[in-house]
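Summary of the model geometry
The lines below spell out each chain.
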Amino acid sequence: MAKVIDWLYEKECTFFRLINGRLHRNSMDHFFHIWTHLGGATATISTSILLLLFLPMHLKSWGIVCMLSLLISHIPVAISKKMYPRKRPYLSLPDTNIGENPLKDHSFPSGHTTAVFSIVTPLILLNPFIGIFLLVAALLVAISRMYLGLHYPSDVLAGMILGISSSFFSLFLVNSFVLHYFL
């Protein structure tokens, strides 16, 4: 089992170095430094509130789904960061490119990736046409976390899974509530 884990870690580090090292360009630093904040608390909470406030009445439930998904998704993030105290890649891997003021808490899972996927997933389901653009935006947030040296690929993948799962769970909860109390 230890050999399998070592092999997986080696492959993960290779992929991380591809994103963080070989694809790293000074011209892209500013873009990813700004873009990564789309998955941050300010952007995701603000987006959820704006959706709730400004979506037409017949779509308000989708704003509730986004808000609930964001809330629910961060429970397992907080628990996982305590249970699996994984050092960030820039602390473990030499020659990692890092941005300004790197985070010092644990890396698993990626909270930014979780947050952005918890919000875009319901919107993709609501409107698949804009879904392509939202998916690209969310994937760029996920890539930015590796590009900036803050997360391993498995941190980002776990964040994607948590965000998407919380969206479907929130959609189920909201639909069950609406069906039960309003129909």
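Residues numbered from 1 in each chain as written. Predicted model: local features only at pLDDT ≥ 70, side-chain atom pairs only at ≥ 80, totals over all residues. Heavy atoms only, no water.

Turning next to the environment of His106. The residue His106 is located in the loop between helix 5 (89-92) and helix 6 (111-126) in this model. In this structure the C-alpha to C-alpha distance between His106 and Pro85, which are 21 residues apart in sequence, comes to 5.4 Å. Once residues lying within four places of it in the same chain are set aside, the contact partners of His106 are Lys81, Tyr84, Pro85, Arg86 and Arg88. (Helix = DSSP H or I, 4+ residues; strand = E, 2+ residues; numbered from the N terminus. Contact = heavy atoms within 4.5 Å.)

What follows deals with the UniProt feature "domain: Phosphatidic acid phosphatase type 2/haloperoxidase" (unreviewed entry) in the protein. The residues that UniProt annotates with the feature "domain: Phosphatidic acid phosphatase type 2/haloperoxidase" (unreviewed entry) are residues 64-171. As annotated, residues 64-171 has a helix share of 73% and a strand share of 0%, and its two end C-alpha atoms lie 9 Å apart. (UniProt positions renumbered as here; feature names shortened; annotations may be inferred.)

Moving on: the packing of helix 3 (residues 41-54) against helix 4 (residues 60-83). Remark: helix 3 packs on helix 4, axes separated minimally by 7 Å, with the N-to-C direction vectors making an angle of 160°. Considered as vectors, helix 3 and helix 4 are oriented roughly antiparallel to each other. Read as a crossing pair, helix 3 and helix 4 show a hand that is left-handed. Of the residues in helix 4, those in contact with Thr44, Ile45, Ser48, Ile49, Leu51, Leu52, Leu53 and Phe54 of helix 3 are Lys60, Gly63, Ile64, Cys66, Met67 and Leu70. (Axes fitted to C-alpha atoms, helices over the stretch in contact; angles between N-to-C directions. Parallel < 35°, antiparallel > 145°, perpendicular 65-115°, else oblique. Left-handed = near helix turned anticlockwise from the far one by under 90°.)

Let's shift gears to helix 6. With 16 residues, helix 6 ought to run about 22 Å at 1.5 Å a step, and its terminal C-alpha atoms sit 23 Å apart, in line with that. Within helix 6, 13 of the 16 residues are buried, leaving the element largely enclosed by the surrounding structure. (Expected span 1.5 Å × (residues − 1). Buried < 20%, exposed > 50% of the residue type's maximum accessible area, 1.4 Å probe, protein only.)

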